[in-house]
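Coordinate analysis (summary)
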Amino acid sequence: MGTSTAGSYTVTYSIAAGGGCSALSTTASVVIGTAPSATISYAGSPYCTSGGTATVTRTGSTGGTYSATPSGLSIGSSTGAITLGTSTAGTYTVTYSIASVYGGCSALSTTASVVIGTAPSATISYAGSPYCTSGGTATVTRTGSTGGTYSATPSGLSISSSTGAITLGTSTAGTYTVTYSIAAGGGCSALSTTASVVIGTAPSATISYAGSPYCTSGGTATVTRTGSTGGT
């Protein structure tokens, strides 16, 4: 079989005439099929649930079907295309199968691994803004994906990169943009979301009347103020 070409053949068995007898000729049909051979791969893996469609690269025999384990992967059984947006994040084994066919060839089964990650999504806010430099600690409210880091621009804000907490007493008064960032991973793009934080300077002042005691006939007594203006 290994040196035969696939196809349909007629095999003839012949006996020449002899001893007064006529020649004999009888036939049989033989069909030889091509053994299926294929490989599949998903070159873009890992993918992200926000990524659209993942296509398979198949080499070799056509006509097979695609399936995946465990459940959760939205895959086209005839094309192997994966709809990422409706798939559940996880690691899957995709199997390409060709059933046994005529010609005595065995079924074919070949596999590829596919990894799908969850697209990060998050928002942050500092509900107490504006704050005062005398206010202690300002905490962030984060919704969505964890594992990100916090940073601020411009410089001057004492912020924890892991928790987003702001130490107000060591921060410089001003307006800041706080950024919460999650690095790219699992086939998903990086995430970056921002919130504005305003910190004011705590007022500080002293007053004195250096001429005290005064006399009712003395005219006007003026105050000496040091520090913050705008008071009454």
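Structure first, text after, so check above.
Residues numbered from 1 in each chain as written. Predicted model: local features only at pLDDT ≥ 70, side-chain atom pairs only at ≥ 80, totals over all residues. Heavy atoms only, no water.

**A short note on the overall build of the chain**
Under the convention used in this document: Helix numbering and strand numbering both begin at the N terminus, where a helix is a DSSP run of H or I of at least 4 residues and a strand a DSSP run of E of at least 2. Restricting the calculation to C-alpha atoms gives the radius of gyration, and the globule rule supplies 2.2 Å times the number of residues raised to the power 0.38. Type-normalised accessible area, obtained with a 1.4 Å probe on protein chains alone, sets the label of each residue: buried when under 20%, exposed when over 50%, and partly exposed for intermediate values. Here a residue-residue contact requires only that any non-hydrogen atoms of the pair lie within 4.5 Å.
Helix and strand counts for the chain stand at zero helices and 20 strands. Here the chain has a C-alpha radius of gyration of 40 Å; the compact-globule value for 232 residues is 17 Å, and the former is much larger. With the C-alpha coordinates of the chain rotated into their principal frame, the extents come out at 170 × 25 × 20 Å. Counting only residues that meet the buried cut, the chain has 25% of its 232 residues in that class. Within the chain, contacts between residues separated by at least 24 positions form 53% of all contacts whose residues are at least 6 apart in sequence.

**Observations concerning the side chain of Ser 87**
So the rule is basically this: Here a polar contact is taken to be a pair of N or O atoms separated by no more than 3.5 Å, where protein atoms must pair a possible hydrogen donor with a possible acceptor and residues adjacent in sequence count only if both atoms sit in side chains.
Mapped onto the elements, Ser 87 comes out in the loop between β8 (82-83) and β9 (90-98). Within the local environment of Ser 87, its side chain forms a polar contact with the backbone nitrogen of Ser 74, the two atoms lying 3.0 Å apart. A distance of 2.7 Å separates a polar atom in the side chain of Ser 87 from the backbone oxygen of Thr 83. Setting aside chain neighbours within four positions, we find Ser 87 in contact with Thr 49, Gly 72, Leu 73, Ser 74, Ile 82 and Ile 116.

**A few points about the environment of Gly 185**
Topologically, Gly 185 is positioned in the loop between β17 (174-182) and β18 (191-200). For Gly 185, a relative accessible area of 43% translates into the label partly exposed. Residues Gly 185 and Ala 89, 96 residues apart in the sequence, show an inter-C-alpha distance of 13 Å.

**Here we look at the state of the cysteines**
Here is the rule: The definition used for a disulfide is geometric: two cysteine sulfur atoms within 2.5 Å.
Summed over the entire model, instances satisfying the criterion amount to one disulfide. Two residues, Cys 48 and Cys 188, share a disulfide whose sulfurs are 2.0 Å apart. A torsion of 95 degrees about the S-S bond marks the disulfide between Cys 48 and Cys 188 as right-handed. Of this pair, Cys 48 sits in strand β4 (residues 47-48) while Cys 188 sits in the loop between β17 and β18, placing them 140 residues apart in sequence.

**Details of the sheet that holds strand β15 (residues 149-153)**
What counts, and what does not: In short, DSSP must find at least two bridges between two strands for them to pair.
Ordered by their spatial adjacency, four strands build an open sheet running β12-β18-β17-β15, and the pairing between neighbours is mixed. Sheet topology places β12 (131-132) and β15 at the edges, where each strand pairs with a single neighbour. Note: β12 against β18, two bridges, orientation parallel. Counted as the bridge partner of Tyr 131 is Ile 199 from β18.

**Quick notes on the sheet that holds β4**
The mixed open sheet is built from four strands, whose spatial order is β4-β10-β9-β7. The open sheet has two edge strands, β4 and β7 (65-69), and neither has a second partner. The sheet contact formed by β7 and β9 spans five bridges and is antiparallel. Of the residues in β9, the one forming a bridge with Ala 68 is Val 94.

**A short note on the packing of aromatic side chains**
Counted only if it meets this: Classification of ring pairs rests on two measures: the distance between centres of Phe, Tyr or Trp rings, Trp counted by its six-membered ring, which must be within 6.5 Å, and the angle between planes, read as stacked under 30 degrees, edge-to-face over 60 and tilted in between.
What the rule picks out here adds up to two aromatic pairs. Plain terms: the ring middles of Tyr 150 and Tyr 180 are 4.8 Å apart, the flat faces sit at 40 degrees to each other, and that makes the pair tilted. In this pair, Tyr 150 is assigned in strand β15 and Tyr 180 in strand β17, connecting sequence segments 30 residues apart. When its relative accessible area of 7% is taken as the criterion, Tyr 150 is described as buried.

**Some thoughts on the environment of Thr 172**
Along the polypeptide, Thr 172 turns up in the loop between β16 (166-167) and β17. A relative accessible area of 47% places Thr 172 in the partly exposed class. Those residues in contact with Thr 172, other than ones at most four positions away along the chain, are Gly 156 and Ile 199.

**Describing the side chain of Thr 110**
Examined against the element boundaries, Thr 110 turns out to sit in strand β10 (residues 108-117). When neighbours within four sequence positions are excluded, Thr 110 is seen to be in contact with Ala 38, Thr 39, Ile 40, Val 94, Thr 95 and Tyr 96.

**Thoughts on the environment of Ser 204**
Its place among the elements puts Ser 204 in the loop between β18 and β19 (205-208). Between the C-alpha atoms of Ser 204 and Leu 191, which are 13 residues apart in sequence, the distance is 41 Å.

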